[in-house]
Structures are given as C-alpha cells and as structure tokens.
Amino acid sequence: MPGVSIHVVDVSRGVVATGMRVELHAVDAGKLALLARGQIGANGLWNAPELAKTFAAGAYAAVFHVGDFYRTQRVALPAVPFLEAVRFDFGIADPAQHYHLPFKCTPWGYSCFRGGA
C-alpha cells in the first residue's frame, strides 16, 4: 500500500492532536508545492484522499501548525511561542512503499520519524 500517513499526538497532555492543521508539500529545488492541506481527525490521523496516492521518489515536507493548535486548545503559551509551525523534510526513495510519519509534540519540542503503519 503506497502513500503517506500522518498520526499526531500531543504527548504533553496524552491526547491525539485533533484539529491540528497539517500540510504536505513536494520540495523541488528548495521551493514548496502544496499537495494537500487538512486537519488531524479524532483518531489522531490525517485522513486525506490525496495521501493514499503513489508519490514519486523525491523530497517532501510536512508542515505541522503546532502554535495554532495549542492556542485553540487554550494551552498557555508565551507571546512568542517556542514552536509555531514545524516543517519536517523527508524523502521518498521507493514509491511502492508506505511512508508513515508519527509526529509527537509538546509546546516545547517534537519528534517525527518514519514509523510502521
């Protein structure tokens, strides 16, 4: 099953990040081309039909709108938050494979990696 899947958890509160805005971009010569935009669902996954396609080998970027998410959750942030939008650059080497990105975050840090899906 090719494609990309994204799962987001707010580990500071132990909940999935329902409502966090996420974007997926292709990256070509440093320029971003928007492929999909959406929100994390109640199950912690971004369910966008655009993510189920076979992606060409190349560079991609997922953008997670962490600051906006915590503000909508009424989590106290400083006037200038430590994290606003997090861009995670990754590569697809084998278009036949599935690329799962688990994103774990707090207002002060994050982890993202290629996981199994």
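Below is a summary of the structure that appears in this document. (Residues numbered from 1 in each chain as written. Predicted model: local features only at pLDDT ≥ 70, side-chain atom pairs only at ≥ 80, totals over all residues. Heavy atoms only, no water.)

**Remarks on the sheet that holds strand 1 (residues 3-10)**
Our working definition: Two strands pair if DSSP finds at least two bridges between them. The secondary structure listing takes helices from DSSP runs of H or I that are at least 4 residues long and strands from runs of E that are at least 2 residues long, numbered from the N terminus.
With mixed pairing, four strands are arranged side by side in an open sheet as 2-1-7-8. Bordering the open sheet on either side are strand 2 (15-16) and strand 8 (109-112), each of which pairs with just one other strand.

**Here we look at the nonpolar core**
For clarity, the threshold we go by: Take the buried residues of types Ala, Val, Leu, Ile, Met, Phe, Trp, Tyr and Cys, join any two whose side-chain atoms come within 4.5 Å, and each joined set is a nonpolar core. Accessible area is worked out with a 1.4 Å probe on protein chains only. A residue is then buried under 20% of its type maximum, exposed over 50%, and partly exposed in between.
Membership of the largest hydrophobic core comes to 29 residues, with the highest contact counts inside it found for I6, V8, M20, W46, F64 and F103. Within the residue set of this core, elements represented by two or more residues are strand 1, strand 3 (21-28), strand 5 (58-64), helix 1 (66-72), strand 6 (86-92) and strand 7 (98-106).

**What about the sheet that holds strand 6?**
Which entries qualify depends on this criterion: Angular values range over 0 to 180 degrees, each being the angle between N-to-C directions of two axes fitted as lines to C-alpha atoms, with helices fitted over their stretch in contact.
Within the open sheet, the four strands sit side by side as 4-3-5-6. Their pairing is antiparallel. Each having just a single partner strand, strand 4 (31-39) and strand 6 make up the two edges of the open sheet. Recorded for the sheet is a direction-independent mean angle of 25 degrees between the axes of neighbouring strands. Summarising the sheet, strand 3 and strand 5 pair through six bridges and their orientation is antiparallel. Counterpart to V22 in the pairing with strand 5 is F64.

**Some thoughts on unusual backbone geometry**
Positive phi values are uncommon outside glycine, yet A29 reaches one of about 55 degrees. Relative to the elements of secondary structure, A29 occurs in the loop between strand 3 and strand 4. By relative accessible area, A29 is classed as exposed at 75%.

**Considering the side chain of H98**
Applied cut-off: Each polar contact in these results corresponds to two N or O atoms within 3.5 Å; when the atoms are within protein, one needs to be able to donate a hydrogen and the other to accept it, and residues that are neighboring in sequence are counted only if both atoms are side-chain atoms.
Looking at where H98 falls in the secondary structure, it is placed in strand 7. Residue class for H98 comes out buried when judged on its relative accessible area of 18%. Of the polar contacts made by the side chain of H98, one reaches the side chain of S5; its length is 2.8 Å.

**Brief notes about the pattern of salt bridges**
Working definition: two side chains of opposite charge can pair if their charged atoms are close together. For clarity, the threshold we go by: Any Lys or Arg side-chain nitrogen located within 4 Å of an Asp or Glu carboxyl oxygen qualifies as a salt bridge.
Across all of its chains, the model carries six salt bridges by this definition. Residue R13 is joined to D10 by a salt bridge in which the shortest nitrogen-to-oxygen separation is 2.5 Å. A residue is classified by how much of its surface remains accessible, and D10, at 0% relative accessible area, is buried. When the shortest N-O distance is used, the salt bridge between R37 and E23 registers 4.0 Å. Taken as a pair, R37 in strand 4 and E23 in strand 3 lie far apart in primary sequence, 14 residues in all. The buried category is assigned to E23, whose relative accessible area is 12%.

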